[in-house]
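One letter stands for each residue in the lines below.
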Amino acid sequence: MPAVALKGRLTIVLFLMPITLFYALVWLYPLILVFLQSFGVPTLSGKPEVEGYPTTEFYREFASSPRYLTALWFSFWNSLVAVLVSILVGYLLALVLFLYDFRGKRFISVLYKLPLFVPYLVAAFMWWVLLVPKGYVYEFLKALGVIGQGAQLVNDPLGIGIIVANTWMHIPFVALVSLGSLKLVDPSLVEAARVLGADMRRVLRHIYIPLTLPGILASLQLIFLSMFGGFSVAYILGASFPTYMSVTIYEDVVQRYLWSIGSVQAVIYLISALVITYTYSKISRKGLRRI
Amino acid sequence: MRGAPLTRAGIAILTLVIVVFVLLPIFTVFLWAFSERWPGAKLFPEAFGLKWFRLLIESGALVQPLTYSLIIAAIVVVASALISIPAAYVVGVKRFRGREIVESLALMPLIVPPIATGVGILGYYTQIGFKSNIWAVASVHLIGAIPFMFRSLAAAFESVDPALEDAARILGASRLRVLRHVYLPLITPGLLAGSVFAFAWSLNEFLLTLLVGLPDIVTLPVQIFRYVGGYYIQVAPVSALSVILLIPSIIFLILSEKYIRAEFVPGAGVKG
């Protein structure tokens, strides 16, 4: 009955209307303004920042300035390192919690999730307190001889502080996802392997890891993006240069009112995030197929 | 499984490292917050007290921001539920073309870096004069809160038996009546989970609040940022403020442990 189908379709559109309208107005429209502003059209700045718009002048400025390219590259590799460390430690933690019984396990399996709910800003501040000279971790590492006199763990050019805080924030998330998928592994597979004489190491290598890791990697792309696009951790723990692109955008727009070049960065930042999402899901899907 | 002695020793060490790693930052911040006197060379404070909390209250850095944070979070919970329920209903219950597209579009706000949206919103809100009030701040909090609310609700709607709706409809109930009397009681757990995340999101959101809230609307995170954003960080007062923001975090942890299915938790930390 076409009449009923039409009515059903109309209902669906109607019911999707509030959420669509909201995002169109408060999210998509501002992004379109940013896109236009990046070509010099004064949609955000009010008055034109350049004569003769639209122009690609600001994109050329972006491409020729080491400040912006370095920021983009720094955001990428620094968050990638943090992602890899988080995945490694988080997965290890999940394996221990999944495979072994020990005293205090219940306590630990609640405790490790605490960072999930801690605001980024607070996490960044807490690690700043620990990693700054005279902070507990800094002094401990110095006493151990891991770091020398005058070493910098925060506001440093390598972004060590950023990596530590981001890792702290995201390990629980990795562990949570990993535990969930470890629990889904068919126990009879493990049983069979054990009966056939496989030791724990082989069971891990040939059953648990290949069955769980690809799915875990796939569900972790949001972590990468939240680190890559994050602001507060990079702002508080990062150096003034090189730093994350979120910080250079903030400085340009909020502190120096350079709307067009800020918008160019925002557009490129956004596109990079989409490219990361796409590439990541492609790689993890390929990994899935191989198994 | 218990494992060989060597494995057990390894696990014990690993466990200890994890406990220290997770707790050390929080422990240190509590030390600072409750320290009355802490000479630079000492490992621990010499005296404990509520000095810094008193200072925060007297200087007006606590009560007003806390009030704003709570009011805005309440608005965000209600608004995100109202906006998400209709969409979650059709996505969870109806089968239609483009359903997957709607679902993956709902993730877009989490993929785009908040500063990119923030630049646009800052310019746009400045031009239309919609800044520095609680509604402007609530509207930007909704951007990140709705995806969580929507996902929890859609999952809840999906788990309801569609035969219940058919039965009610055949007996003459209107669509709204069905939504209210059949679905609402059944989706309550999903609604609660979504509310916890929307509330947590709003309480912790910082970057967009900073952009559209100033000068009048200062929430707790923005207040923290005022202390730590400059060249000189005042550790003790910021620690006291952090402790106040950590209390709800611990409550959320306990709530989610008790009432919320784990799969809703992922991504709870994607905020500026």
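Everything below is about the structure shown above.
Peer 1: Explain the pattern of salt bridges here, please?
Peer 2: Side-chain pairing between opposite charges can occur once the charged atoms of the two side chains come close. Residues and elements named next belong to chain A. Taken as a whole and judged by the stated rule, the model has four salt bridges over all chains. Residues Arg67 and Asp252 are paired through a salt bridge, measuring 2.7 Å at the closest nitrogen-oxygen approach. Residue Arg67 is found in helix 3 (residues 66-99), and its partner Asp252 is found in helix 12 (residues 245-255); the two are separated by 185 residues along the sequence. According to the relative accessible area criterion, Arg67 is partly exposed, its value standing at 21%.

Peer 1: Please clarify how helix 5 (residues 120-131) of chain A should be interpreted in this entry.
Peer 2: An α-helical turn contains 3.6 residues, so any two residues separated by three or four positions project in the same direction. Residues and elements named next belong to chain A. For helix 5, which comprises 12 residues, the first-to-last C-alpha distance of 16 Å matches the rise-based estimate of 16 Å (1.5 Å per residue) to within 8%. Burial within helix 5 is extensive, with 12 of its 12 residues counted as buried. Buried within helix 5 we find Tyr120, Leu121, Val122, Ala123, Ala124, Phe125, Met126, Trp127, Trp128, Val129, Leu130 and Leu131.

Peer 1: Explain the packing of helix 8 (residues 187-195) of chain A against helix 9 (residues 200-218) of chain A to me, please; I cannot follow it from the model alone.
Peer 2: Packed helix pairs are specified by the crossing angle of their axes together with the interaxial distance, meaning the distance between the axes. Residues and elements named next belong to chain A. Taken N-terminus to C-terminus, the directions of helix 8 and helix 9 make an angle of 155°; their axes are 10 Å apart at the nearest point. Overall, the two elements helix 8 and helix 9 adopt an arrangement that is roughly antiparallel. As for the relative orientation of helix 8 and helix 9, their crossing is right-handed in sense. Residue-level inspection shows Leu189, Val190, Ala193 and Arg194 of helix 8 in contact with helix 9, the latter providing Met200, Val203, Ile207, Tyr208 and Leu211. In the contact of helix 8 with helix 9, the residues fall into eight nonpolar, no polar and one charged.

Peer 1: Please explain the interface of chain A and chain B as it appears in this structure.
Peer 2: A common way to report how large an interface is uses the accessible area buried once the components associate. Each side of the interface is counted separately: chain A has 80 residues, and chain B has 92 residues. When chain A packs against chain B, the two sides together hide about 7,600 Å² of surface, and 82% of this comes from carbon and sulfur. Of all residues in chain A, Phe15, Phe117 and Tyr136 of chain A bury the most surface against chain B, accounting for 11% of the area lost on that side. In this structure, the connection of chain A to chain B is made through zero salt bridges.

Rules used in this analysis
- Residues numbered from 1 in each chain as written.
- Chains lettered and ligands numbered in written order.
- Predicted model: local features only at pLDDT ≥ 70, side-chain atom pairs only at ≥ 80, totals over all residues.
- Heavy atoms only, no water.
- Salt bridge = Lys/Arg side-chain N within 4 Å of Asp/Glu carboxyl O.
- Helix = DSSP H or I, 4+ residues; strand = E, 2+ residues; numbered from the N terminus.
- Buried < 20%, exposed > 50% of the residue type's maximum accessible area, 1.4 Å probe, protein only.
- Expected span 1.5 Å × (residues − 1).
- Axes fitted to C-alpha atoms, helices over the stretch in contact; angles between N-to-C directions.
- Parallel < 35°, antiparallel > 145°, perpendicular 65-115°, else oblique.
- Left-handed = near helix turned anticlockwise from the far one by under 90°.
- Contact = heavy atoms within 4.5 Å.
- Nonpolar A, V, L, I, M, F, W, Y, C, P; charged D, E, K, R; others polar.
- Buried area = accessible area lost by both parts, 1.4 Å probe.

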